[in-house]
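A look at the structure
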Amino acid sequence: MKVWKLGLTCVVLALALVNAPRAQKSSGNAQAWPTYGGGPENTHYSLLRQINRMNVKQLQVAWAYDTGDAFEGSELQCNPLIINGVLYGTTPKLRVFALDAATGKELWSFDPHEGRKALGKYRNRGVTYWQDGGTTRIFFGFQEWLYSLDAKTGEPDKNFGTNGRVDLRLGLDRKDAKNLSVGLSTPGIIYRDLLIVGSIVSETLPAAPGHIRAYDLRTGKLRWIFHTIPLPGEYGYESWPKDAWRYIGGVNDWSGMALDEKRGLLFAPTGSATYDFYGANRHGDNLFANSLLCLDAATGQRRWHFQTIYHDLWDRDLPMAPALITVTQNGRKVDAVAQTTKSGHIFVFERETGKPVFPIEYRKVPTNGV
């Protein structure tokens, strides 16, 4: 599946091999793309083998779906899901849709604008799917709202939050949060009965903090929160000016997460603090900005962290979710987590301990003058 932008029209294209036998209906994770990034490990890898290096040149368009939602400067960053023969995605105006993956026929569409004109530019990378027996749900973010939709009909789940949605500005332990911008550009990740989400917030003050939160999948109730800008008494509080948690924003996981389901470990990369190019109002190392966090997925408790840069002044956000991999070192297989940075470095750690797999050296830089 490939998503292209053609002129002013955003189109989803399905490609198929010439004279190839029709693939069997998707069933199970090996035949589908059930999660943003391909799976909770975020390896972007599929076990499907029908298309390979030898025959890829034979691909032709099998069907096309025009979202009809393009506008000047619009984007289509969505990474569609494929589950049980259904494709789920979002349009540039953040309409959620479900298609028959074999034919491109629209099965349903949900418009969070509720008839109002879509204003501004939206950035969204897709949705999260959950199933429990016969109950199936699609979770996605629209502006400050986290929605839960029935995956079969596209209708909001009335049992989730208020009329099918939760206000992401609430539960941030900041009195001014209701007046701040908080959204969800990258889909959350599911662990047991929890939907764990990061956020996208302003990079200029005033800005909301980028705390990581877990919600009950059925009710939308907040189950745990990890303060990426520590509150008094929490680990890392001393790395900020006194009461910085009251006014500093950012330090948000906007690029996605990875999950080790077996160990119950969540890996979340964070961005810089706000302002992202100015730090005179936030002296110190500024934990947990620009860090890879390892959290207990059930409770949100910190297991370990690694900060890639202290007191960032150059917007060096960790720009993508880490990948869970296995490496062989000195004849020993190591379950690891690999985090890529904007500077092109890849940091690799043992998942359980945070011990670097390869040597890491911190270097001091001049701090006198600009």
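In short, a report on the structure. Think of each chain on its own: its residues are numbered from 1, step by step along the sequence as written. pLDDT decides what is reported in this predicted model: residues at 70 or higher carry local features, side-chain atom pairs at 80 or more are listed and counted, and totals for whole chains, interfaces and linings draw on all residues regardless. Side-chain descriptors were evaluated using all non-hydrogen atoms of the structure, hydrogens and water having been removed beforehand.

1. Topic: the overall build of the protein
The way it works is that DSSP assigns letters per residue, a run of H or I at least four long becomes a helix, a run of E at least two long becomes a strand, and they are numbered from the N terminus. In terms of helices and strands, the protein carries zero helices and 26 strands. In terms of overall size, the protein behaves like a compact globule, its C-alpha atoms giving a radius of gyration of 21 Å where 370 residues would be expected to give roughly 21 Å. Dimensions of the protein, computed from the C-alpha atoms along their principal axes, are close to 65 × 55 × 40 Å. Each residue is assigned to one of three classes by its accessible area relative to the maximum for its type, calculated with a 1.4 Å probe on protein chains only: buried under 20%, partly exposed between the two thresholds, exposed over 50%. The buried share of the protein, taken over its 370 residues, is 52%. C-alpha atoms define the radius of gyration, and 2.2 Å times the number of residues to the power 0.38 defines the globule rule.

2. Concerning empty space enclosed by the protein
Residues are said to line a cavity or pocket when one of their atoms sits within 4 Å of a point; the points come from a 1 Å grid over protein atoms alone, cavities being sets where a 1.4 Å probe fits but cannot get out and pockets being open sets with protein on both sides within 12 Å along at least five of seven lines. Grid points are joined across faces, edges and corners, and a volume is the space filled by probe spheres set on the points. Inspection of every chain in the model, using the stated rule, returns four cavities of 30 Å³ or more. What lines the largest cavity is Thr35, Tyr36, Pro187, Gly188, Ile189, Gly256 and Met257.

3. With respect to the pattern of salt bridges
Any carboxyl oxygen of Asp or Glu within 4 Å of a side-chain nitrogen of Lys or Arg constitutes a salt bridge here. Evaluation of the coordinates by the stated rule reveals 22 salt bridges. Of the charged contacts in the structure, one is a salt bridge between Lys342 and Asp315, with a shortest N-O distance of 3.3 Å. Taken as a pair, Lys342 in the loop between strand 25 (332–340) and strand 26 (346–350) and Asp315 in the loop between strand 23 (302–307) and strand 24 (323–329) lie far apart in primary sequence, 27 residues in all. Among the residues examined, Lys342 registers a relative accessible area of 44% and is labelled partly exposed. Among the residues examined, Asp315 registers a relative accessible area of 13% and is labelled buried.

4. Concerning the sheet that holds strand 19 (residues 258–260)
When DSSP finds two or more bridges between a pair of strands, those strands are recorded as paired. Read across the open sheet, the four strands follow the order 19-20-22-23; overall the sheet is antiparallel. If you trace the sheet from one side to the other, it starts and ends with strand 19 and strand 23, each paired once. The mean angle between the axes of side-by-side strands here comes to 15°, regardless of whether they run parallel or antiparallel. Relative to strand 22 (residues 291–296), strand 20 (residues 265–269) runs antiparallel, the two sharing five bridges. Across the sheet, Leu265 pairs through a bridge with Asp296, a residue of strand 22. Axis angles are defined between N-to-C directions and span 0 to 180 degrees, where every axis is a line fitted to C-alpha atoms and, for a helix, only to the segment in contact.

5. Notes on a nonpolar patch on the surface
A contiguous nonpolar patch, built from Phe277, Leu313 and Trp314 and spanning about 370 Å² of accessible area, is present on the exposed surface. Position of Trp314 among the secondary structure elements: in the loop between strand 23 and strand 24. The exposure class assigned to Trp314 is exposed, which follows from its relative accessible area of 61%. Like-charged residues within 9 Å of one another, or nonpolar side chains (Val, Leu, Ile, Met, Phe, Trp, Tyr) within 5 Å, are grouped into patches, provided each residue has over 30% relative accessible area and no salt bridge. Areas reported here follow the Shrake-Rupley algorithm with a probe of radius 1.4 Å; residue values treat only the protein chains shown as occluding.

6. A closer look at the nonpolar core
By convention a nonpolar core is built from buried Ala, Val, Leu, Ile, Met, Phe, Trp, Tyr and Cys residues, the set being connected through side-chain atoms within 4.5 Å. Counting 29 residues, the largest nonpolar core has Leu87, Tyr88, Val96, Ile138, Phe140 and Leu149 as the members making the most contacts within it. Considering every element that reaches this core, the biggest residue donor is strand 6 (residues 96–100), with four residues. In this analysis, two residues are considered to be in contact whenever any of their non-hydrogen atoms come within 4.5 Å of each other. When neighbours within four sequence positions are excluded, Tyr88 is seen to be in contact with Pro80, Leu81, Ile83, Phe97, Ala98, Trp108, Val127, Tyr129, Ile138 and Ala151. Membership of the second largest hydrophobic core comes to 18 residues, among which are Phe160, Val166, Leu168 and Leu195.

7. Side note on the sheet that holds strand 25
Strand order in this open sheet of three strands is 24-25-26, and the pairing throughout is antiparallel. Unpaired on one side and paired on the other, strand 24 and strand 26 mark the two borders of the sheet. Direction aside, the axes of adjacent strands within the sheet are offset by 40° on average. With five bridges joining them, strand 25 and strand 26 adopt antiparallel strand pairing. The partner of Val337 across the bridge, within strand 26, is Phe349.

8. Considerations on the pairing of strand 9 (residues 135–142)
For strand 9, the buried fraction is high: seven of the eight residues fall into the buried class. With five bridges connecting them, strand 8 (residues 128–132) and strand 9 associate as antiparallel partners. Opposite Tyr129, over in strand 9, you have Ile138 as the bridge partner. Once strand 8 ends, the chain turns through two residues before running back antiparallel as strand 9, passing Gly133 with a positive phi of about 65°. Pairing of strand 9 with strand 10 (residues 145–150) involves six bridges; the strand directions are antiparallel. Following the sheet pairing, Ile138 is matched in strand 10 by Leu149.

9. Describing the packing of aromatic side chains
We describe a pair of aromatic rings using the distance from one ring centre to the other and the angle between the two ring planes. Pairing of aromatic rings covers Phe, Tyr and Trp, the last counted by its six-membered ring, and requires centre-to-centre distances within 6.5 Å; plane angles under 30 degrees mean stacked, over 60 mean edge-to-face, and any other angle means tilted. Scanning the entire structure with this criterion turns up 18 aromatic pairs. Where Phe306 meets Phe347, the ring centres are 5.2 Å apart and the plane angle is 45°; that geometry is what we call tilted. Taken together, the residues span a long stretch of sequence, with Phe306 in strand 23 and Phe347 in strand 26 at a distance of 41 residues. Residue classification places Phe306 among the buried positions, given a relative accessible area of 12%.

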